Amino acid sequence: MEREFFQFAHPAWLLLLAPLVYLAWREALAWRKGRDAVLHSHTGAFVRFPRGARARLAFVVPVLRYAALALLVVALARPQFGTEFEKITSEGVDIVLVLDVSGSMLAEDFRPRNRLQVAKDVARDFVSKRPQDRIGVVAFAGQSVPRCPPTLDHSMLDGVLAGLEVGELDDGTAIGMGIATALERLRHSESKSRMVILLTDGVNNRGRIDPLTAAELARPLKVKIYTIGVGSRGDVPYPFEHPIFGKQYRNVRIELDEATLGAIAERTGGQYFLATDPGALEEIFQTIDRLEKTRIESRVYTRYRELYQKYLRTGAALLAAGIALGLTVFRKTP
């Protein structure tokens, strides 16, 4: 970012302009009263003679003198033209969002929407507030798949998040595989700060990698894992299609392995959160946003161009011209 401005390095010198203005005003009043009139006992003889051009232009000498002094005062104040440059450097965080798209995410205890719809909307809002960060997405159910590598193209990322649906993967909950896939996305990251945000509502029951084993893999990579359990405790409304009556609901109990999610976060330096409603989920993402801030550093550089030489030269020229005219063209006879 660039900004141009004008300033005086020593503005206190400009106070000298006040007495200069006062003296010029006094001299102008004296000039109008005819301070240099000729003293004579009878002036009638002079009435017939109009004032010559030299007499009418005699005010030029004091004008030049005061203008020269004013310019010299301005030169003493050191006028400067400045250009300010602001250099902004940012050190972003590389983040992978690991979202559960298993069938249990269709539960509608976050009414009027299901768990996955609410999770996607909150995640998209989180992404929109971190323009400096590279963010990727991994979806998991019975297996895990990378949907988007860490990227700064957040418009594309928003489309990927919006398109996540239940049923695109075999059903089940492979939490360990979801973490492992995210770590593979971050393995070659050069960012000093890397993290995984894992969101699930279930218990690990699929996959070749245990969740705690996956958490151990994150430690040498210095990747923090923030885990979020979603869903109300107890029975929750779950939709199903009735062959006659269409969409119906039955109350089901969905188990959430909070102990494992807490252990994953603890082992990697992250935190575990429980979201039992949409408002709580929004608050959790806001908390993570505050905990893992992007480092932005701003440095301002200013370049000055000195202008006093121009005022000094002009003032000196006007002063010399005034003195020269006073000694020649407008010289007064004693």
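Procedures and definitions
Residues numbered from 1 in each chain as written. Predicted model: local features only at pLDDT ≥ 70, side-chain atom pairs only at ≥ 80, totals over all residues. Heavy atoms only, no water. Helix = DSSP H or I, 4+ residues; strand = E, 2+ residues; numbered from the N terminus. Expected span 1.5 Å × (residues − 1). Buried < 20%, exposed > 50% of the residue type's maximum accessible area, 1.4 Å probe, protein only. Polar contact = N/O pair within 3.5 Å; in protein donor to acceptor, adjacent residues only side chain to side chain. Pairing = 2+ DSSP bridges. Axes fitted to C-alpha atoms, helices over the stretch in contact; angles between N-to-C directions. Salt bridge = Lys/Arg side-chain N within 4 Å of Asp/Glu carboxyl O. Core = buried A, V, L, I, M, F, W, Y, C linked by side-chain atoms within 4.5 Å. Contact = heavy atoms within 4.5 Å.

### As for helix H5 (residues 115-128)
Part 1 of the argument: When the terminal C-alpha atoms of H5 are compared, their 20 Å separation across 14 residues agrees well with the 20 Å that a helix rising 1.5 Å per residue should span.
Part 2 of the argument: Every buried residue of H5 is accounted for by Arg115, Leu116, Val118, Ala119, Lys120, Val122, Ala123, Phe126 and Val127.
Part 3 of the argument: For H5, the capping residue at the N-terminal end is Asn114, with a side-chain oxygen 3.1 Å from the backbone nitrogen of Leu116.

### Things to note about the sheet that holds strand E10 (residues 272-275)
Part 1 of the argument: Spatially, the six strands line up as an open sheet ordered E5-E4-E3-E6-E7-E10, and their pairing is mixed. Edge positions in the open sheet fall to strand E5 (144-151) and E10, since each of these has one partner strand only. On average, each strand axis in the sheet is tilted by 15 degrees relative to the strand beside it, whichever way the strands run.
Part 2 of the argument: Relative to strand E4 (residues 134-140), strand E3 (residues 93-100) is paired through seven bridges, and the arrangement is parallel. Of the residues in E4, the one forming a bridge with Asp94 is Arg134.

### Some remarks on the pattern of salt bridges
Pairs can form between side chains of opposite charge whenever their charged atoms are close.
Part 1 of the argument: In the structure shown here, the tally under the stated rule is 19 salt bridges.
Part 2 of the argument: For Asp289, the salt bridge is made with Arg130, and the minimal N-O distance between the two is 2.6 Å. Of this pair, Asp289 sits in helix H10 (residues 278-291) while Arg130 sits in the loop between H5 and E4, placing them 159 residues apart in sequence.
Part 3 of the argument: Residue class for Arg130 comes out buried when judged on its relative accessible area of 3%.
Part 4 of the argument: Taking the shortest distance from any N to any O, the salt bridge between Arg147 and Glu168 comes out at 2.9 Å. Here Arg147, found in strand E5, pairs with Glu168, found in the loop between helix H6 (154-162) and helix H7 (175-186); they are 21 residues apart in sequence, far enough to count as distant.
Part 5 of the argument: Three or more residues are tied together by salt bridges with common partners; here these are Arg113, Asp121, Arg124 and Asp158.

### Quick notes on the nonpolar core
Part 1 of the argument: Ranked by internal contacts, the top residues of the largest apolar core, which has 35 residues, are Leu97, Ile197, Leu199, Ile228, Leu281, Phe285 and Ile288.
Part 2 of the argument: Mapped by element, the contributors of at least two residues to this core are E3, H5, E4, H6, strand E6 (193-200), strand E7 (223-230), E10 and H10.
Part 3 of the argument: In terms of residue count, H5 provides more of this core than any other element does, seven residues in total.
Part 4 of the argument: Apart from the residues within four sequence positions on either side, Phe285 is in contact with Leu97, Val122, Ala123, Phe126, Ile197, Leu199 and Ile228.

### Some thoughts on the environment of Gly176
Part 1 of the argument: Checked against the element boundaries, Gly176 lands in helix H7.
Part 2 of the argument: Owing to a relative accessible area of 0%, Gly176 belongs among the buried residues under this scheme.
Part 3 of the argument: Along the sequence, Gly176 and Thr213 sit 37 residues apart, while their C-alpha atoms lie 7.4 Å from each other.
Part 4 of the argument: Contact partners of Gly176, with chain neighbours within four places excluded, come to Asn204, Ile209, Asp210, Pro211 and Ala214.

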